[in-house]
Amino acid sequence: IVSGGAGLDCVYEAVSKNVDCLITGEFTHSSYFPAKEGNLSVIAPGHYITETPGIISAMLAVKKQFPTLEVEFIDIPTCL
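Summary of the structure given here. Here the structure is a predicted model, which is why all the values come from computation and not from measurement.

**Looking at the overall build of the protein**
Alright, step 1. Secondary structure summary: the protein contains three helices and three strands in total.
Alright, step 2. Over its C-alpha atoms the protein spans a radius of gyration of 16 Å, topping by over 25% the 12 Å that the globule rule assigns to 80 residues.
Alright, step 3. The buried share among the 80 residues of the protein stands at 19%.
Alright, step 4. The long-range share in the protein, meaning contacts at least 24 apart out of those at least 6 apart in sequence, stands at 27%.
Alright, step 5. As displayed, the protein offers around 6,000 Å² of accessible surface, 60% of which is attributable to carbon and sulfur atoms.
Alright, step 6. For the protein, the distance from the average site of its 4 positive side-chain charges to the average site of its 9 negative ones is 8 Å.

**Considerations on the packing of aromatic side chains**
Alright, step 1. Summed over all chains, the structure comprises one aromatic pair.
Alright, step 2. Judged by centre distance (4.8 Å) and plane angle (80°), the ring pair of Y32 and F33 falls under edge-to-face.
Alright, step 3. Under the relative-accessibility criterion, F33 is labelled exposed at 53%.

Analysis parameters
- Residues numbered from 1 in each chain as written.
- Predicted model: local features only at pLDDT ≥ 70, side-chain atom pairs only at ≥ 80, totals over all residues.
- Heavy atoms only, no water.
- Helix = DSSP H or I, 4+ residues; strand = E, 2+ residues; numbered from the N terminus.
- Rg over C-alpha atoms; globule rule 2.2 N^0.38 Å.
- Buried < 20%, exposed > 50% of the residue type's maximum accessible area, 1.4 Å probe, protein only.
- Contact = heavy atoms within 4.5 Å.
- Areas by Shrake-Rupley, 256 points an atom, 1.4 Å probe, with all protein chains shown as cover.
- Lys, Arg positive; Asp, Glu negative; His and termini not counted.
- Charge placed at Lys NZ, Arg CZ, Asp CG, Glu CD.
- Phe/Tyr/Trp six-rings, centres within 6.5 Å; stacked < 30°, edge-to-face > 60°.

Given below as structure tokens:
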């Protein structure tokens, strides 16, 4: 699993290590054929979707450490 975007180097590494499936936020067109030729399945739901849980976790950790601090996650999906 690669949060954000997995470049061509990630595809080559996954193929070389016989990974069955690469899950990443973004997947480039130039990575398609190396993945296909390497029999690598890819799931790419979008950069925003794969990074949102980490941001929410960080926000909750800050809130726990500083309970009087007002925190808010503003959900504005970019992939709709």
